[in-house]
Amino acid sequence: MIDVKQVSRYFGRVAAVNDISFQVAKGEILGFLGPNAAGKTTTMRILTTFIPATSGTATVAGFDVHEQSMQVRKRIGYLPENPPLYPEMRVRDYLDFVAKIKGVDAKRIKKAVDDAMGKTAITNVGNRVIKHLSKGYKQRVGLAQAIVHNPDVLILDEPTVGLDPKQIIEVRELIKSLAGEHTIILSTHILPEVSMTCERVVIIDKGKVVAEDTPENLTKNLMGAQQLTVSVSGPDKEMADTLSKIQGVDTVQIKSQGKGQAFSTLVVESKSRDELRPVIAKTIVEKGWSLYEMKLEDMSLEDVFLHLTTKEEGSVQ
Amino acid sequence: MRNYLAIVEREIKSYFSSPIAYIVIGLFLLLSGIFFYLIISNFMQMCMRADMQAQYYQMAPPKMNVNLYAIRPILGNISTFVLFFLPLVTMRLFADEKRTGTIELLSTSPVTNLQCILGKFTAGGLLFIIMLLSTSVFMILLFIYGKPEFGPVAVGYLGLLLLGLSYISFGVFFSTLTDNQIISALATFAFILFFWAIGWFSSILSPEIGKILNNFSLIDHFDDFAKGVFDTRHVVFYCSFIFMGLFLSFVSIESSRWRGR
Ligand SMILES: Nc1ncnc2c1ncn2[C@@H]1O[C@H](COP(=O)(O)OP(=O)(O)OP(=O)(O)O)[C@@H](O)[C@H]1O
Ligand SMILES: [Mg+2]
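In this text, all values refer to a predicted model and were calculated from it rather than measured experimentally.

Residue-level contacts link 32 residues of chain A with 27 residues of chain B. Across the chain A to chain B interface the summed buried area is about 2800 Å²; carbon plus sulfur atoms make up 58%. Our count for the contact surface shared by chain A and chain B stands at 13 residue pairs in polar contact (both at pLDDT 80 or more). Of all the elements in the fold, those that place two or more residues in the side of chain A that touches chain B are strand S1 (2-11), helix H2 (69-75), strand S6 (76-79) and helix H3 (91-101) of chain A. Here the side of chain A that touches chain B is composed, by residue class, of 19 nonpolar, five polar and eight charged.

Next comes the structure, spelled out in structure tokens:
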């Protein structure tokens, strides 16, 4: 549905986006993740035909964003970073206007606007003047604007910014419910958002794609490491030595010792992804120590993100 | 066509949902009214003096020409006020879309730049027509109490319309250059003031050059209209001026796309 090939965009000499490529399949939700100034907004502006790329090609729904921009525009709904609202208009009039310029049939405009307002839960503010709405409601009107013509592709630039926690959950649910019939790209620098809403993530930093995968695989594969917390009672020194001799274990640290507590907590790290828990359990039991708990710590997406984006930084310096 | 109409409609609604339309029309009407009153009382005095003189010399009272002594100076005054008020009408057209970010909606919708520019130009033009129509109150008074010729009045108004549309087309252009309404209005004002009076100061430098530059003077071409003389050369001049402003707007919008807004 969306195909980006080696797209770059320069502002003067500075590359805001530098040779990025990725695809989005029909009905998929792609998370576009990156720190500030990574080039998320610039990429989205290229995809929505707002600005042209300096080099490279991008197609949306089979149409080139540069050569066939009008065809692309008919098929996309776009929520820019700042919702593009006319403050003096009433919500319903505004959505009417958007539906008109997006090419919705005159006869179907009323229904399209009603549907969009229903989906974004703003029906009750239809007659309010936009500038008097709260930030969260403005954001929803922005979202309603993006879906009013029922586009194939939705491009949402930080759609949950400025919403309260309850609204964030609602908007995420809304976005999820829109997937399937719509193909969605959403940008964010909030990590949990990606793991909650997106099927696939593209992480970009300084205009380059640094990783692309499902949220689960990113956390699992990219770190290439696992961490186990083992609670066990026995002689600390000996335990640490014994565990670190197990094949595949790289380091063992004693986190807390068993003074006043029945057990000590050891942190076992391994660079491999092989399953180590049975071997560790067996060793402990054979030594006659008592095992209280053993837990595999998940690397959070946060860790992956920091890891990837700071690694990039390091290689630049 | 549909896009164009949608944009015209939205712009007109937006004019009237903010105070700007009311302030511009109100002040414009007030100023025109004051000058109408001054010109008419002046005209009445002139008539009275002429009547008295005629009685003194025992002649028939002379026919005072309303078109020449009242309508022409009124139109002249209105043409000056337009110079001050139209930059206020056009200042927000693109500048505000840039400031609030709604330009991102327009430029990613299946609307062409031409539809957008023409839509905004038309909306500004319609507001200007409303301003002109509001001054017709004065003309109606003149027609009730005097016997002016209708033809020259119509020609005069046509001249005002063309003059105003020329200002508006460049107002649209200057509003594409900035996201600041004040700068947009000031640039428009400076520009049209320059072309308004281009003949005056150039004739100070050299009478020959002054003569050539007078061909580009916006107000010079209006003179004949105010006299009630219809000349297609002037119409062609204003139409080219309007076209130029719209063309530059188009170029400006296209190039800001490449620059990344
Ligand atoms: N119109 C412009 N002119 C000059 N530089 C620009 C322009 N737009 C973006 N940039 C630069 O391009 C880089 C990428 O900006 P972009 O807005 O795409 O980042 P982003 O990932 O959306 O960041 P954020 O999370 O802060 O929204 C930045 O360094 C920015 O300064
Ligand atoms: Mg951004």
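Near ligand 1 lie 15 residues; those nearest to it are A:Asn36, A:Lys40, A:Thr41, A:Thr42 and A:Glu81. Each of chains A and B places residues next to ligand 1. In the model, an oxygen atom of ligand 1 is placed 3.3 Å from a nitrogen or oxygen of the A:Glu158 side chain. When ligand 1 is considered free in solution it has 640 Å² of accessible area, and contact with the protein chains removes 66% of it. Element by element, the count of residues in the shell around ligand 1 is highest for helix H1 (residues 40-47) of chain A, at three residues. Here the residues of the shell around ligand 1 are counted per class, giving five nonpolar, six polar and four charged.

In this section: the pairing of strand S9 (residues 200-205) of chain A. Residues and elements named next belong to chain A. Of all six residues that make up S9, six are buried, and the element is covered over most of its length. The side-chain alternation of S9 yields two buried faces, one formed by Arg200, Val202 and Ile204 and the other by Val201, Ile203 and Asp205. Relative to S9, strand S3 (residues 29-33) is paired through four bridges, and the arrangement is parallel. Paired with Leu30 across the strands is Arg200, a residue of S9. Connecting S9 to the next strand, strand S10 (residues 208-213), in antiparallel fashion are two residues, including Lys206 with a positive phi near 50°.

Our next topic: the pairing of strand S8 (residues 183-188) of chain A. Residues and elements named next belong to chain A. Among the six residues that make up S8, six are buried, leaving the element largely enclosed by the rest of the structure. The two faces of S8 match: Thr183, Ile185 and Ser187 on one face and Ile184, Leu186 and Thr188 on the other face are all buried. Relative to S8, S3 is paired through five bridges, and the arrangement is parallel. What sits directly across from Leu33, in S8, is Thr188. Each parallel crossover has a hand, and for strand S7 (residues 153-157) linked through helix H6 (residues 165-178) to S8 it is right-handed.

A few words on unusual backbone geometry. All names here are of chain A. Phi at Ala37 is positive, roughly 65°, even though this residue is not glycine. Within the element layout of this structure, Ala37 appears in the loop between S3 and H1. Positive phi, normally seen in glycine, also occurs at Asn150, with a value near 50°.

A few words now on the pattern of salt bridges. Per the counting criterion, the structure on display carries 24 salt bridges over all chains. Of the charged contacts, one joins A:Glu28 and A:Arg200 as a salt bridge, the two residues approaching to 2.6 Å between their closest N and O atoms. Here A:Glu28 is found in the loop between strand S2 (14-24) and S3, whereas its partner A:Arg200 is found in strand S9, with 172 residues between them in sequence. Each member of the pair A:Glu28 and A:Arg200 is classed as buried. Close ionic contact of B:Asp96 with B:Arg99 constitutes a salt bridge, the shortest N to O distance being 2.9 Å. Note that B:Asp96 and B:Arg99 are positioned in helix H4 (residues 95-100) at a spacing of three residues, about one turn of the helix. Overlapping salt bridges, with partners in common, bring together A:Glu88, B:Arg10, B:Glu11, B:Arg92, B:Glu97 and B:Lys120 in one network.

Calculation rules
- Within every chain, residues take consecutive numbers counted from 1 along the sequence as written.
- A letter from A marks each chain and a number from 1 marks each ligand, given out in the order of writing.
- This being a predicted model, a pLDDT of at least 70 is required before a residue's local features are given, and a value of 80 or more before pairs of side-chain atoms are given or counted; all residues contribute to the totals for chains, interfaces and linings.
- Hydrogens and water molecules were not included; the side-chain quantities draw on all heavy atoms of the structure.
- Residue contacts are defined here by distance: any two heavy atoms, one from each residue, within 4.5 Å place the two residues in contact.
- The buried area of a pairing is the accessible area, by a 1.4 Å probe, that goes missing from both parts when the two are put together, added over both.
- By the criterion applied in these results, polar contacts are pairs of N or O atoms within 3.5 Å in which, for protein atoms, one can donate a hydrogen and the other can accept it, and in which residues neighboring in sequence qualify only through two side-chain atoms.
- By definition, any uninterrupted DSSP run of H or I lasting at least four residues is a helix, any uninterrupted run of E lasting at least two residues is a strand, and each is numbered from the N terminus.
- Side-chain classes are defined by residue name, with Ala, Val, Leu, Ile, Met, Phe, Trp, Tyr, Cys and Pro counting as nonpolar, Asp, Glu, Lys and Arg as charged, and the others, Gly among them, as polar.
- Here a residue is near a molecule or strand as soon as one of its heavy atoms is found within 4 Å of it.
- Note that accessible areas follow from Shrake-Rupley with a 1.4 Å probe, and for residues the cover is restricted to the protein chains shown.
- Per-residue accessibility, obtained with a 1.4 Å probe over protein chains only, is compared with the maximum for each type, and a residue is labelled buried under 20%, exposed over 50%, and partly exposed between these values.
- When DSSP finds at least two bridges between two strands, those strands are taken to pair.
- The path from the first strand over the helix to the second decides the hand: if it runs clockwise while the strands point away from the viewer, the crossover is right-handed.
- Any Lys or Arg side-chain nitrogen located within 4 Å of an Asp or Glu carboxyl oxygen qualifies as a salt bridge.

Any link to function would need more than the numbers given here.
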